Amino acid sequence: MKNRILIVGHGLSGALLAQAFLNKNQIVDVCEANLPYHASKVAAGLVNPLIGPKLNPPTDLHACLTAINHLTDYFQKKCGVKFYQSIPLLRVFKNHEQAGLWNKRSITHPDLCITKEILSQKEATHHGVEAPHGLGVTNCMRLHIAAFLQYSKHQLKETDHWISGLDMYETKDYDKIIFCEGFRVMHNPWFSHIPIAPVRGEILGIDSSLNTSVSNGTWAIPITENHFIAGSTWDHKIIETGPSPEGKEQILKSLHFIKIDTRKISKHLSGVRTGTIDRNPTLGCHHKNKKLFLFNGFGSRGSTTIPLHAKQMVEYVLGRAPLPAKIDITRFNKLNHLTK
Ligand SMILES: Cc1cc2nc3c(=O)[nH]c(=O)nc-3n(C[C@H](O)[C@H](O)[C@H](O)COP(=O)(O)OP(=O)(O)OC[C@H]3O[C@@H](n4cnc5c(N)ncnc54)[C@H](O)[C@@H]3O)c2cc1C
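Reading guide: rules and limits
- Residues numbered from 1 in each chain as written.
- Predicted model: local features only at pLDDT ≥ 70, side-chain atom pairs only at ≥ 80, totals over all residues.
- Heavy atoms only, no water.
- Buried < 20%, exposed > 50% of the residue type's maximum accessible area, 1.4 Å probe, protein only.
- Helix = DSSP H or I, 4+ residues; strand = E, 2+ residues; numbered from the N terminus.
- Pairing = 2+ DSSP bridges.
- Phe/Tyr/Trp six-rings, centres within 6.5 Å; stacked < 30°, edge-to-face > 60°.
- Lys NZ or Arg CZ within 6 Å of the ring centre and 35° of its normal.
- Near = heavy atom within 4 Å.
- Polar contact = N/O pair within 3.5 Å; in protein donor to acceptor, adjacent residues only side chain to side chain.
- Nonpolar A, V, L, I, M, F, W, Y, C, P; charged D, E, K, R; others polar.
- Domains from an automatic or database assignment.
- Core = buried A, V, L, I, M, F, W, Y, C linked by side-chain atoms within 4.5 Å.
- Contact = heavy atoms within 4.5 Å.

**Some thoughts on the pairing of strand β14 (residues 292-296)**
Okay, step 1: Counting buried positions over the five residues of β14 gives five, a clear majority of the element.
Okay, step 2: The sheet contact formed by strand β7 (residues 176-179) and β14 spans three bridges and is parallel. Across the sheet, isoleucine 178 pairs through a bridge with phenylalanine 293, a residue of β14.
Okay, step 3: Where strand β13 (residues 282-285) and β14 come together, four bridges link them in antiparallel fashion. What sits directly across from threonine 282, in β14, is asparagine 296.
Okay, step 4: Between β13 and the antiparallel strand that follows it, β14, lie six residues.

Now the structure itself:
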């Protein structure tokens, strides 16, 4: 007999998880309340393999990229759309040390670095970028999150598996309920003990052309011929508020490497990333109520990590495989004085 599964939340995690269940011929209902400040509404969708000031590739990168490639092929066959697309990203170095790290990465990870040598300021000027320490080109991808969410919602609605609104479902109608609520997990009475570390981030939309994606940690990404987005900020203290003048100022200041006409700023948004204190996602079952599950904690890298973790979660919920210890919710049991 098939499980009756409900997913609560249709941000990137809920949507990718729902699609992963459908791929395994499972039936799922999805409930979405369209609440404010959710990460997937503002995220750029970048899959950037060389992250942070140290340009470190994450340890699980290979497995994540494999899952993304499978997913891309799956949707291309299913609906003819390539939701993940390859994009070259100009990485502007902040100093000579970063340029040196780039040289190292281009030897150890030639697949991630498109340029084998550091490009000079002269070449940067050609791209309209100020880069006194030079720049390198990274092999990135971008997930078109809005298009993917729209596709997934349409499919669930068409098949009558979409529920709109807050608490608009009956718990007794389901065998398994999986919460994918982003930062709002902190208000969920079953899982509010999970030590999450929410971080608010802001982005700007600018009605101007930008011919290539560029970043020095703060990024600017062309969306259409005459519009690009830029971000973002990190605020650990004030979470559920909208965008702020300070956030805007911070983004503009960090983007000193390109010219921006501030009169053309047409959008200013804010959303909340859900991290955990150990920076790993949190997946698993409630310690007492075995019908309730959590799929959360994807921080600032959901487009990279969720496809892999959605596959692992499906196997786990269907009782076919355990979760990797690093992401299993039970790692917090000791901290919360819980027993299995
Ligand atoms: C400014 C910014 C930029 C980012 N850029 C990138 C990037 O370039 N690349 C990248 O990989 N990641 C990026 N991220 C992170 C990425 O957005 C997240 O990892 C990902 O979107 C998390 O998705 P989620 O579904 O877990 O959470 P959310 O996007 O927060 O979605 C949760 C959903 O659940 C719904 N919900 C919550 N509670 C309930 C309830 N009780 N009932 C019904 N519905 C409910 C909400 O309405 C929401 O739609 C960025 C984040 C921010 C804030």
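Next comes the rest of the description.
**Digging into the pairing of β7**
Okay, step 1: Of the two faces of β7, the one holding Lys176 and Ile178 and the one holding Ile177 and Phe179 are both buried throughout.
Okay, step 2: Two strands pair when backbone bridges link them, and strand β1 (residues 5-8) and β7 are joined in this way by four bridges, in the parallel orientation. Of the residues in β7, the one forming a bridge with leucine 6 is isoleucine 177.

**Brief notes about the sheet that holds strand β8 (residues 196-206)**
Okay, step 1: One open sheet holds the eight strands; their spatial order is β3-β5-β4-β9-β10-β11-β8-β12, and the pairing between them is mixed. Of all strands in the sheet, those bounded by a partner on one side alone are β3 (46-47) and β12 (265-276).
Okay, step 2: As paired elements, strand β9 (residues 213-215) and strand β10 (residues 219-224) share two bridges and run antiparallel to each other. Bridge pairing in β10 links valine 214 to alanine 220.

**Things to note about the packing of aromatic side chains**
Okay, step 1: Scanning the model with the defined rule gives ten aromatic pairs in all.
Okay, step 2: Here the aromatic rings of tyrosine 74 and phenylalanine 75 are separated by 5.0 Å at their centres, their planes lie at 65°, and the arrangement is edge-to-face.
Okay, step 3: With a centroid separation of 5.4 Å and an interplanar angle of 75°, the aromatic rings of phenylalanine 83 and phenylalanine 148 are classed as edge-to-face. Taken as a pair, phenylalanine 83 in the loop between α2 (61-79) and β4 (84-92) and phenylalanine 148 in helix α5 (residues 145-158) lie far apart in primary sequence, 65 residues in all. Of the two residues examined, phenylalanine 83 and phenylalanine 148, each falls in the buried class.
Okay, step 4: Here the aromatic residues Tyr74, Phe75, Phe83, Phe148 and Tyr151 are joined through ring pairs into a cluster of three or more.
Okay, step 5: A cation over a ring is seen here: arginine 273 above tryptophan 234, with NZ or CZ 3.7 Å from the ring centre.

**Quick notes on the site of the ligand**
Okay, step 1: Around the ligand, 33 residues are found, and the nearest of them are Ser13, Glu32, His38, Ser40 and Ser303.
Okay, step 2: Measuring from an oxygen atom of the ligand, one finds a side-chain N or O atom of serine 40 at 2.5 Å.
Okay, step 3: The contact in question runs from an oxygen atom of the ligand to an N or O atom on the backbone of glycine 299, over 2.9 Å.
Okay, step 4: Those elements that place two or more of their residues in the shell around the ligand are α1 (12-23), β2 (28-32), β8, β12 and α7 (302-317).
Okay, step 5: Looking at the shell around the ligand residue by residue, the class counts come to 14 nonpolar, 15 polar and four charged.
Okay, step 6: Split by domain, the residues of the shell around the ligand number at least three in each of domain 1 (5-43 + 146-193 + 278-332) and domain 3 (197-276).

**Some words on unusual backbone geometry**
Okay, step 1: Across the junction of glycine 231 and serine 232, the peptide omega takes the value -5°, indicating a cis bond.
Okay, step 2: In this model, leucine 55 sits at a positive phi of 50°, which is unusual for a non-glycine residue.
Okay, step 3: We classify leucine 55 as buried; its relative accessible area is 0%.
Okay, step 4: For aspartate 167, which is not a glycine, the phi torsion comes out positive at approximately 55°.

**Regarding the nonpolar core**
Okay, step 1: Grouped together as the largest cluster of nonpolar side chains are 49 residues, with contacts concentrated most on Ile7, Leu17, Phe21, Phe148, Ile178, Phe295 and Met313.
Okay, step 2: In terms of residue count, the dominant contributor to this core is α1 (seven residues).
Okay, step 3: The residues that make up this core include at least three from each of domain 1 (5-43 + 146-193 + 278-332) and domain 2 (46-143).
Okay, step 4: Not counting residues within four places of it along the chain, the set of residues in contact with isoleucine 178 comprises Ile5, Leu6, Ile7, Val8, Leu17, Phe21, Phe293, Phe295, Met313 and Val317.
Okay, step 5: Counting residues in each nonpolar core, the second largest holds 20 residues, with Ile206, Leu210, Ala220 and Phe257 among its members.

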